[in-house]
Amino acid sequence: MASPAARFEAMLSNIMLTDKERTEAIDTHIYMRDQLVRRRDWIKETFLTGSYKRETAIRPLNDVDFFCVVDPGWARDKTPAQIQKEVQRVLQEIYPRTTVDRQKHSLGVDFRSQTTNYDVIPAVPTGGYYKIVHRESDDGEFILSNPDAVEREKVAANSQGGPGGRMLQMIRLMKHWNTKNHKKVKSFHLELLCYKAAALLASCSNNREACYRLFQFLSSKVVEDCFVPGVPVAAVSGVQQNNLRDTRTDSQLRNFAGELGAAGRRAGEALSLETTNPAQAHQIWRSLFGGEVY
């Protein structure tokens, strides 16, 4: 029987994207980018963003995000909904037989032939960050986003978060656990909270201990404010604050904190049984993360 340590490390590999998923995402983005820029002069560029770009996406790859940057002069007299609808019209020209849905922040391109959906996010550059659609009504409103600032935080957290890319490994593991438990919070929210645990993860002697301690850390932090990096926290005219804490109610966050704490206690129990009862340790890890990956 493989040791809990060996099984755990194999699990970390099992939740990573496959080469096929990566290649398909890149090829689709290149084609979509070229078509968008060629068809409208007010579309200036596109770039990959989200968990795929940050290397924190998990298998199976359900969606790939990329920004569609529009000319701010063209967008100046348009509502968020109008901007979104104009980009939707271009995507429907490119893919006339494909469903393109308006979503909260993006346009979802659903390829029936692929398992991965593509979320195209219309973005208006302004003051070093981007305004993106926040669709709560038909006209919608904007929230602010700064993918470059998030990427810088990720790089810093990963460099300080322990050996072998431990930070990224633990983020993917927490996202997998969250997905297995019906996505009680947004994956991006969980990822930003993990960045704050870099010193904690670096102090751990192995990845199982890091998992145990990260569950405990997140349990104490998930109820706190969590603003998107690199954008103003103070109110900006015509723009809603982007506090990820507000995507769930206080009650939901408290309940989720309790689930994280319980998972941490189970992980601690598995650690304590590794030598004396490895079969039971295996069972606990499997119950936490699922037999399909552990």
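Residues numbered from 1 in each chain as written. Predicted model: local features only at pLDDT ≥ 70, side-chain atom pairs only at ≥ 80, totals over all residues. Heavy atoms only, no water.

Caption draft 1: View of the overall build of the protein. Tallying secondary structure elements over the protein gives 12 helices and 8 strands in all. A compact globule built from 294 residues would reach a C-alpha radius of gyration of about 19 Å, and the protein, at 20 Å, matches this within 12%. Structurally, the protein occupies a C-alpha span of about 65 × 40 × 30 Å along its principal axes. Within the span of the protein, comprising 294 residues, buried residues form 51% of the whole. (Helix = DSSP H or I, 4+ residues; strand = E, 2+ residues; numbered from the N terminus. Rg over C-alpha atoms; globule rule 2.2 N^0.38 Å. Buried < 20%, exposed > 50% of the residue type's maximum accessible area, 1.4 Å probe, protein only.)

Caption draft 2: Looking closely at the environment of K154. Along the chain, the position of K154 falls in helix α6 (residues 147-160). For K154 and Y195, which are 41 residues apart along the polypeptide, the C-alpha to C-alpha distance reads 6.6 Å. Residues within four places of K154 in sequence aside, it is in contact with R54, E55, L168 and Y195. (Contact = heavy atoms within 4.5 Å.)

Caption draft 3: Representation of the pairing of strand β6 (residues 129-134) within the structure. Across the 6 residues that make up β6, a large majority, 5, are buried. Note that strand β5 (residues 117-126) and β6 share 4 bridges and pair antiparallel. For V124, the partnering residue across the bridge sits in β6 and is K131. Where β5 folds back onto β6 in an antiparallel hairpin, the turn is made up of 2 residues, including G127, whose phi is positive at roughly 60 degrees. Of the strand pairs in this sheet, β6 and strand β7 (residues 141-145) are connected by 5 bridges, and their pairing is antiparallel. Directly across from H134, in β7, lies its bridge partner E141. (Pairing = 2+ DSSP bridges.)

Caption draft 4: Spatial organisation of the pairing of strand β4 (residues 107-110). Because side chains alternate across β4, one face comprises the buried residues L107 and V109, and the other comprises G108 and D110, equally buried. The sheet contact formed by strand β3 (residues 99-102) and β4 spans 4 bridges and is antiparallel. Residue pairing across strands places R102 opposite L107, the latter belonging to β4. The hairpin formed by β3 and β4 contains 4 residues between the paired strands. Examined bridge by bridge, β4 and β5 share 3 bridges and lie antiparallel to one another. Residue pairing across strands places L107 opposite V120, the latter belonging to β5.

Caption draft 5: Region of interest: the layout of surface pockets. Its boundaries defined by the atoms lining it, the second largest pocket holds a volume of some 160 Å³. Along the walls of the second largest pocket sit M16, L17, R22, S51, Y52, K53, E55, T56, A57 and R172, which together make up its complete lining. It is helix α3 (residues 50-54) that contributes the most residues to the lining of the second largest pocket, 3 residues altogether. Considered class by class, the residues forming the lining of the second largest pocket number 4 nonpolar, 2 polar and 4 charged. (1 Å grid on protein atoms, 1.4 Å probe; cavity = no way out; pocket = protein on both sides within 12 Å on 5 of 7 lines; lining within 4 Å. Points joined across faces, edges and corners; volume = space filled by probe spheres on them. Nonpolar A, V, L, I, M, F, W, Y, C, P; charged D, E, K, R; others polar.)

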